[in-house]
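# Analysis of the macromolecular model
This is what each chain is made of:
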Amino acid sequence: MNICIRDADLEDLPRIVEIYNEAVIEGFCVEEKQVTLTQKQEWFTNTDPCFVYLKDGIIVGWVSLDPFSPAPVFAQTKCISLYVTKGARGQGVGKTLLKHVMSIAKANKVSVFAPIWENNVWSINFFCLNSFETAIRFPAVGFRNGHFLSLLFLRSLHDCTNQLIAESADETKTLQDRLTASAENTIWCFSEDEVPVYIQGTEGAHEINSICTAEAVNGLVSKIIDLEKTIKLLEK
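A brief look at the structure comes next. What you are looking at is a predicted structure, and each value in this text was computed from that prediction instead of being measured.

Reading the values: rules and limits
Residues numbered from 1 in each chain as written. Predicted model: local features only at pLDDT ≥ 70, side-chain atom pairs only at ≥ 80, totals over all residues. Heavy atoms only, no water. Core = buried A, V, L, I, M, F, W, Y, C linked by side-chain atoms within 4.5 Å. Buried < 20%, exposed > 50% of the residue type's maximum accessible area, 1.4 Å probe, protein only. Helix = DSSP H or I, 4+ residues; strand = E, 2+ residues; numbered from the N terminus. Contact = heavy atoms within 4.5 Å. Polar contact = N/O pair within 3.5 Å; in protein donor to acceptor, adjacent residues only side chain to side chain. Patch = residues over 30% accessible without salt bridge, like charges linked within 9 Å, V, L, I, M, F, W, Y side chains within 5 Å. Areas by Shrake-Rupley, 256 points an atom, 1.4 Å probe, with all protein chains shown as cover. Salt bridge = Lys/Arg side-chain N within 4 Å of Asp/Glu carboxyl O.

## Regarding the nonpolar core
Counting 25 residues, the largest nonpolar core has I80, L98, V101, V112, F127, F132 and L154 as the members making the most contacts within it. At six residues, helix 3 (residues 93-107) tops the list of elements feeding residues into this core. Filtering out sequence-adjacent residues up to four positions away, I80 remains in contact with V63, S64, L65, L98, V101, V112, F113, A114, P115 and F127. Counting residues in hydrophobic clusters, the runner-up holds 18 residues, among them V17, I19, V24 and Y83.

Pasting the structure below:
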């Protein structure tokens, strides 16, 4: 099997768009409808860098760092986009792409954020397991299929001098600790395979958030970590 990562070029754009549209269909992108090649051409011109992951000559994933804002003060701040085609997920493609692009970001003193819809628990779990943490939460900033969507901005735990931003006391925090503190009135719980699911406090009830996946909801009752602690937090 021949594997390589290289800079993306304009000829790769059709495959990049194809992989991106898979995520659009899954509901994890800003767009509700699949994008066209023409719509993505301007984006491709402005993104820097952009890398593709090839397996036996076929692009199975890509990653880019996009401008956070056109204002000069944000020149060293980028938002990461990372997508892997369905058939190649769970094979280390995303992790390899992330490691590669973050090495470039560190070398160029770039601060990296990952904007992710809060219902995209798989992406949140992936980034948190790879040295990212929630920096800020924007509640109910999107609306789709009759539901409001909240947006999380995750940041890399590595600053531009290649040192952990977290203080030494925070370095021992688990993924559970970080996500528990990520949003007010939201208590994060985890299934046995480390997928984050969550419940939200309501008066007189413990309501399971409706945007959790069915699998997560079905397994939540038997897999909540430290239930007594969770109840105390809900009552605060």
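## What to know about unusual backbone geometry
Looking along the chain, the bond that leaves D48 and enters P49 is cis, with omega of 5°. Positive phi outside glycine occurs at K109, with the angle close to 55°. The residue K109 is located in the loop between helix 3 and strand 5 (111-117) in this model. For K109, a relative accessible area of 55% translates into the label exposed.

## Comments concerning the side chain of T85
Here T85 is to be found in the loop between strand 4 (77-84) and helix 3. Given the relative accessible area of 9%, T85 is considered buried. Of note is the side chain of T85, whose polar atom sits 2.9 Å from the side chain of E22. If sequence neighbours within four positions are ignored, T85 has contacts with R15, I19, E22 and V60.

## Considerations on a nonpolar patch on the surface
A surface patch of nonpolar side chains, amounting to about 280 Å² of accessible area, comprises F68, V73 and F74. With relative accessibility at 35%, the residue F68 sits in the partly exposed group.

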